[in-house]
Structures are given as C-alpha cells and as structure tokens.
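Structural features, examined
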Amino acid sequence: MTIHAVRSLRKSIRKGIVEVSVIDRNNYHVFHGLVAEVLTGKLSPGDIVSPARKLFKGLDFINGEIESVDFNAQEVTTTRLLDGKRFKIRFDHLIIGMGSTDDLGKYPGVSENTFRLKAYPDVVALRNHIISLFEYASIEADPAEREELLTFVIAGGNYAGIEVAVELDEFAADLTRHYFPQIEYEEVRIIVLHSGAFILPELGERFPGLLKYAVKKIGATNIKIRYNERIQSATPVSARTNQGQEISTRTIISCVGNAQSPLFNQWEVERHESGRLLTDDYFRLVGKDNLWAGGDCAAAPHPKGGYCPPLAIYAMKAGVKISKNILRTIRKKPLAKYQFTGLGDACTLANRRAVGHLYGVPFSGWPAWVAWRVFMFKYLPIWEKKIRTTIDWCIWPFVGRDIASYQSDKQLQVKELYFEPGQEVIVEGEDGNTMFVIYEGEAAVFQQDREIGRLTKGDYFGELAVLGNGRRSATVKSLSRLRLLEIRKHLVNKIKKALE
Ligand SMILES: Cc1cc2nc3c(=O)[nH]c(=O)nc-3n(C[C@H](O)[C@H](O)[C@H](O)COP(=O)(O)OP(=O)(O)OC[C@H]3O[C@@H](n4cnc5c(N)ncnc54)[C@H](O)[C@@H]3O)c2cc1C
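Sequence order as written defines residue numbering, which begins from 1 separately in each chain. Totals for whole chains, interfaces and linings use all residues, but because this is a predicted model, local features are given only for residues with pLDDT of at least 70 and pairs of side-chain atoms are given and counted only at 80 or more.

1. Brief notes about the overall build of the protein
Rules: Secondary structure follows DSSP: runs of H or I at least 4 residues long count as helices, runs of E at least 2 residues long count as strands, and numbering of each begins at the N terminus. Between the two quantities, the radius of gyration covers C-alpha atoms and the globule rule is 2.2 Å times the number of residues to the power 0.38. Our exposure labels follow a C-beta count within 10 Å of each residue's own C-beta, placed from the backbone: buried means 20 or more other C-beta atoms, exposed means 12 or fewer, and partly exposed covers the counts in between. Here the contact rule is simple: place C-beta atoms from the backbone, and any two residues whose C-beta atoms are within 7 Å are in contact.
Counting its regular elements, the protein contains 14 helices and 32 strands. In terms of overall dimensions, the protein is globule-like: its C-alpha atoms have a radius of gyration of 25 Å, near the 23 Å expected for 500 residues. Summarising its shape, the C-alpha atoms of the protein cover approximately 80 × 55 × 40 Å along the three principal directions. Burial analysis of the protein (500 residues in total) assigns 36% to the buried set. Long-range contacts, defined here as pairs at least 24 residues apart, represent 66% of the contacts in the protein between residues at least 6 apart.

Okay, structure coming up:
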C-alpha cells in the first residue's frame, strides 16, 4: 500500500507541494505472492524482498517500530530495535498501511509450534527447516520417526495454503528423484486441513469449474485435503484436529488467521468487528479528516458492497487513491470515491499449471500459469527484483533448486514449546541434548513407569542428559497444557559455567 501511495505523490514531492516520511520496522518490503517458490528453492530468498532505501530513494525513510501515535499533537513516536531509543515525527496527514499480523491466539500452540508466512524471517526459517527435515529423514531408520519428519501439515486451504502445498509436493518429487535416494516420494505426506467444505473459497464460490480442475490436479499428487477439519492445537510433534485426530508431524504451517496491530487498541477510532480500521469511501478513518488507512489493516467499503478483501491489488489501489485524495484535500477540491472492484485472482498449482480469472473470465492450466507469472513479475516492486526473479525462474529448471539449509545453531538455542495434556516431553532412555524450563502448566516425572515427582512453573528438567551421558534418565509427561522453554546443550553449558 505504502509503496503505491508514495509513488503517486512523487510529482508533488518534486514540486515541493508535499513532504513525505515513510516509517517501517523493516528496512525492506516483502512480496508475499512468491513465498511458496522461495520455500522450495526455485527462487532465492532475497528475490522477494525489496530494500526500502531503493523503494523510497531520495525520501525520508525511518527504520523504526511505531510505538504510539498522538492524534492531537499530530505526532508519531518510533523506537529503534537496537536499544529502544525514541524518535518523534510530526505529521499533517497520516497514512496507516500497517498490514496485518498472524493471529497467535487462533489455537493453542500456534505461537510456539507452527511456522507462519507473514514475516520474512519466518519464511526463511521454514525454508531451512523443510530442507533440514529431508536431511534428518534420510538417515532415520525408525519408520514412525521417519513418518513424523516427512509429514507436513498445512492449516488452511486458501490461496496461500494451497500454493505452499502444491509447491512442496513438486519439491518433494524433485528432491527424492535427484538428491535423496534414501527417501521415496510416496513417503512424503502433505496434509491440508481445511475448515470448509471446499478449498480456495475465494475462487470456488464463483467458478466451480476452476475448483473442480484444481481438486483434480491436486488429487494426482501426494497431497491429502481433509475437509471440515481444522487444527485444535499444535505441539512440537503433532497436530491435533477438531475431529479428534492426532497427526504426528514436525512441521505445521499455519496459513489461517490474521490479527491487527495491538497499537490500534490504544486509539479511539472506529473498528470493524475483525479489528480492522473502519474507513469511509475515501479511505479516511471514520470521522477523521487527516487520518487515512488502506490495505490489510483497513475495512474500506467495496463499491459493490461489503469490504475490500485483504489482497495486494486492493492495497495498491488504496494507496494510490489515498494519495490523490490527500492532494485534493490540500487543493481544497472534493474527494474522489473509491471505484476499484477487482482485477482478478490466480493460484498456482505448481508443475506449470494454475487456476484464475481476469475480470470474471475463468482460465486454467498452462495459460493461467503464464498469466500468473506475468502478474507476479508486473507487481514485483523494483526492477532489480524483477530481473533477479526472472533469472531464477529461467535457470532453476536447468541448474536445479537452491537446497542449502542456512540454519545457524544460534537460532535453535532457545525455543518456546507447547504440549497438550498427556504428551511425553522426554522419554527415559532416549538421547537428548536439550533441557527445559516450565513457564506454564504441570508435568509428572516417571522412572520405569513409576511416578517419582511433579514439576510446575519455574521448575526445570532434562539437564542431567545434557551435562551427563546424553541419555534421558526419566520420562516427563504433561499433566495440563504445558508451555516450556527448550534450551540447547551449548547454552546450557554456558549457563552452568556462569553459575559455577
Ligand atoms: C503467504 C502469503 C501469500 C500471499 N499471496 C498473495 C497473492 O498471491 N495475491 C495477493 O493479492 N495477495 C496475497 N497476499 C496478501 C498480500 O500480501 C497483502 O494483501 C498485502 O501485502 C497487504 O499490503 P499492506 O500494505 O496492507 O501490508 P504489508 O505489505 O503487510 O505492509 C505493512 C507494513 O507495515 C509495517 N508495520 C506494521 N506494523 C508496524 C509498526 N508497529 N511499526 C513499524 N512498521 C510496521 C510492516 O513492517 C510492513 O512493512 C499474501 C499474503 C501472504 C502472507
């Protein structure tokens, strides 16, 4: 949204009519439409991020976290990540384009045990995790453990969920054929849990023929779609569903649930029931003359009724309209109503196929896939990324995917985990190189199936294996919902040294 708002103001900035400051916690923009191709090594991770300094060249860009907005004083306060130092920026007009965040309260365990796709570091972490799991599975002999490593659960049969599932399936076929002779393609299970009666609801309701095509193509892969089933809780080793099923897995990818910035709770402004900021037909916050909002954080009226969906094209158009209306306000001209009713949607099905529609005309197969790529190219925000992405698209079929896992052991040093009641956290006799600290819930300790103690908030366990012979001396089972910090051996040793 912001990029397009700023682009429409460029001429007025040059003429000195307006001055623009852009604030973002990241010094880059993420192009989410190609996340699935980054996860599966067709594209380099850098292809989908555009540096803010290139996007907003010559403008005042502030890399900081928006901490608060004082609407009366017309001032935004930001903090820098380094040390929390505060900065204040004055405004006459404020454009709010803060997008949405992942809804971490959607079900228990989502923040601790799922992978998400909104924030760029999460995308990179998932990419590395997927590749590493193939490495671990290739040397794992225990069939149950192998199945757990090679099972990928995707929550949500929407565009994002289906795109990730189909790309992952194509990736699995490629990896097992060319690089992992120890793993059969059929061993890789991709399970999409979809709460509705049909996937791709945005497309399926209007174009049943496209949905039928998509379901048929997906049916010919390793992907299993489970309808009317959704995740109820996520643990480090399983996904539990509302149908009472437990799926053993090390990978749950959550594509459901958007929440809004917690900052909005501090503001006295009208909100939609979804939490989005309610705007009028001109993108002004209801009842405010100099506060504007567009994109995923705004509930802006759609010209055909309802509200604009949280899609990139609507965010872009909102940005342009907001800028034009700000200029009209400055020139004391009447504001222009929002007219855009949508261009089209497309969803890749991998293997050079897609489904989509353009101005209501449905299309599928190879032509739809070409059109999808053309759109992705068109909307990548800077030329550098268009060129890099096109080069990667052209070369990967010949040189192969990038399948290095850039995991640093530092990333894995402390992890938050969530367990459902009755689950085993550690098992007596197994190898272990981590210890745990409980920060919520209760657990029981067993030796040779006899309970020998209870643990609760603030207690720790697992350190004996880490500091001793590497084997667990007891089994620990959760008695209630259990939240833990898992600390890796390297850090445990450091803590021990510090306390000596
Ligand atoms: C995996 C995935 C795939 C998608 N695929 C598609 C697709 O194929 N087609 C499509 O149309 N849409 C797609 N979308 C949706 C699309 O990405 C969004 O609709 C679009 O990015 C919304 O733009 P925006 O400007 O509102 O928000 P964003 O692009 O999210 O930008 C919000 C910005 O605000 C910044 N920000 C937020 N809070 C603060 C704060 N407190 N301080 C400082 N900065 C802050 C963020 O860092 C971010 O840069 C996808 C989304 C995801 C997650």
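2. Looking at the site of the ligand
Condition: Only the C-beta atom, placed from the backbone, is used; a residue is near a molecule or strand if that atom lies within 6 Å of it. Residues are grouped as follows: nonpolar covers Ala, Val, Leu, Ile, Met, Phe, Trp, Tyr, Cys and Pro; charged covers Asp, Glu, Lys and Arg; every other residue, Gly included, is treated as polar. Each domain's limits were defined by an automated method or a database of domain assignments.
The immediate surroundings of the ligand are formed by 29 residues, with Met1, His32, Gly99, Gly295 and Ala312 found nearest. Counting residues per element, the ones that place at least two in the shell around the ligand are strand E1 (21–24), strand E5 (65–70), helix H7 (159–178) and helix H10 (312–330). Tallying contributions element by element places H10 first for the shell around the ligand, with 3 residues. Residues of the shell around the ligand, tallied by class, amount to 15 nonpolar, 9 polar and 5 charged. Each of domain 1 (2–25 + 64–100 + 260–330) and domain 2 (110–257 + 344–382) gives at least three residues to the shell around the ligand.

3. Points about the packing of helix H1 (residues 2–14) against H10
Our working rule: Here an angle of 0 to 180 degrees is reported between the N-to-C directions of two axes, which are lines fitted to C-alpha atoms, with helices fitted over the stretch in contact. In a left-handed crossing the near helix is turned counterclockwise from the far helix by less than a right angle, and in a right-handed crossing that turn is clockwise.
Two numbers describe how H1 lies on H10: the axes approach to 6 Å, and their chain directions differ by 35°. For the crossing formed where H1 meets H10, the hand is right-handed. For the pair H1 and H10, contact is made by Thr2, Ile3, His4, Ala5, Ser8, Leu9 and Ser12 and by Met316, Gly319, Val320, Ile322, Ser323, Lys324 and Leu327, respectively. For the contact of H1 with H10, the per-class residue count stands at 7 nonpolar, 6 polar and 1 charged.

4. Details of the sheet that holds strand E11 (residues 151–155)
For clarity, the cut-off: Whether two strands pair depends on DSSP finding at least two bridges between them.
Spatially, E10-E17-E11-E12-E13 is the arrangement adopted by the 5 strands of the open sheet, whose pairing is parallel. Where the open sheet ends on each side, the last strands, each with one partner, are strand E10 (115–116) and strand E13 (223–227). Relative to strand E17 (residues 251–254), E11 runs parallel, the two being bridged by 4 bridges. Bridging across to E17, Val153 finds its partner in Ile252.

5. Some thoughts on the sheet that holds strand E6 (residues 75–79)
Here we have 3 strands laid out as an open sheet, ordered E5-E6-E7, and antiparallel in their pairing. Either end of the sheet is taken by a strand with one partner, and the two such strands are E5 and strand E7 (86–90). Neighbour-to-neighbour, the strand axes of this sheet turn through a mean angle of 25°, independent of strand direction.

6. Observations concerning the environment of Tyr282
Along the chain, the position of Tyr282 falls in the loop between strand E19 (277–278) and strand E20 (291–293). For Tyr282 and Leu349, which are 67 residues apart along the polypeptide, the C-alpha to C-alpha distance reads 37 Å. Beyond its immediate stretch of four places on either side in the chain, Tyr282 contacts Asn325, Leu335 and Lys337.

7. A word on the domain arrangement of the protein
According to the domain assignment, the protein consists of domain 1 (2–25 + 64–100 + 260–330), domain 2 (110–257 + 344–382) and domain 3 (414–499). Look at where the C-alpha atoms of domain 1 and domain 2 centre, and you get two points 33 Å apart.

8. Quick notes on the environment of Ile495
With respect to the element layout, Ile495 can be found in helix H14 (residues 489–499). Each C-alpha atom of the pair Ile495 and Ile326 lies 56 Å from the other, and the pair is 169 residues apart in sequence.

9. Comments concerning H10
Cut-off, in case you're wondering: Each helix should span, by expectation, one fewer than its residue count multiplied by 1.5 Å.
A rise of 1.5 Å per residue sets the reference length of H10, with its 19 residues, at 27 Å; its end C-alpha atoms lie 27 Å apart and thus fit the reference within 8%. Taken together, the buried positions of H10 are Tyr314, Ala315, Met316, Lys317, Ala318, Gly319, Lys321, Ile322, Ser323, Asn325 and Ile326. Where H10 is buried, its residues meet H1, strand E8 (94–96), E20 and strand E21 (298–299).

10. Structural notes on the pairing of E11
Side-chain direction in a regular strand flips from residue to residue, so the side chains alternate between the two faces of the sheet. Condition: A crossover counts as right-handed when, viewed with the strands pointing away from the observer, the path leading from the first strand over the helix to the second turns clockwise.
With 5 of its 5 residues buried, E11 lies for the most part within the structure. Relative to strand E12 (residues 189–194), E11 runs parallel, the two sharing 5 bridges. Within E12, the residue paired with Val153 across the bridge is Ile191. In this region the chain leaves E11, passes through H7 and returns to the parallel neighbour E12; the handedness of that crossover is right-handed.

11. Things to note about the environment of Phe419
Residue placement: Phe419 occurs in strand E25 (residues 414–419). Under the C-beta neighbour-count criterion, Phe419 is labelled buried, with 28 such atoms within 10 Å. Measuring from C-alpha to C-alpha, the distance between Phe419 and Pro108 comes to 9.0 Å, with 311 residues separating the pair along the chain. Discounting residues that sit within four places of it in the chain, Phe419 has contacts with Thr235, Val425, Ser478 and Leu482.

12. Here we look at unusual backbone geometry
In this structure, Leu200 takes a positive phi of about 45° despite not being glycine. Considering the arrangement of structural elements, one finds Leu200 in the loop between E12 and helix H8 (201–204). For Leu200, a count of 23 C-beta atoms within 10 Å translates into the label buried. In the Ramachandran plot, Ala350 falls in the positive-phi region, its phi being about 60° despite a non-glycine side chain. Here Ala350 lies in the loop between strand E22 (344–348) and strand E23 (354–358).

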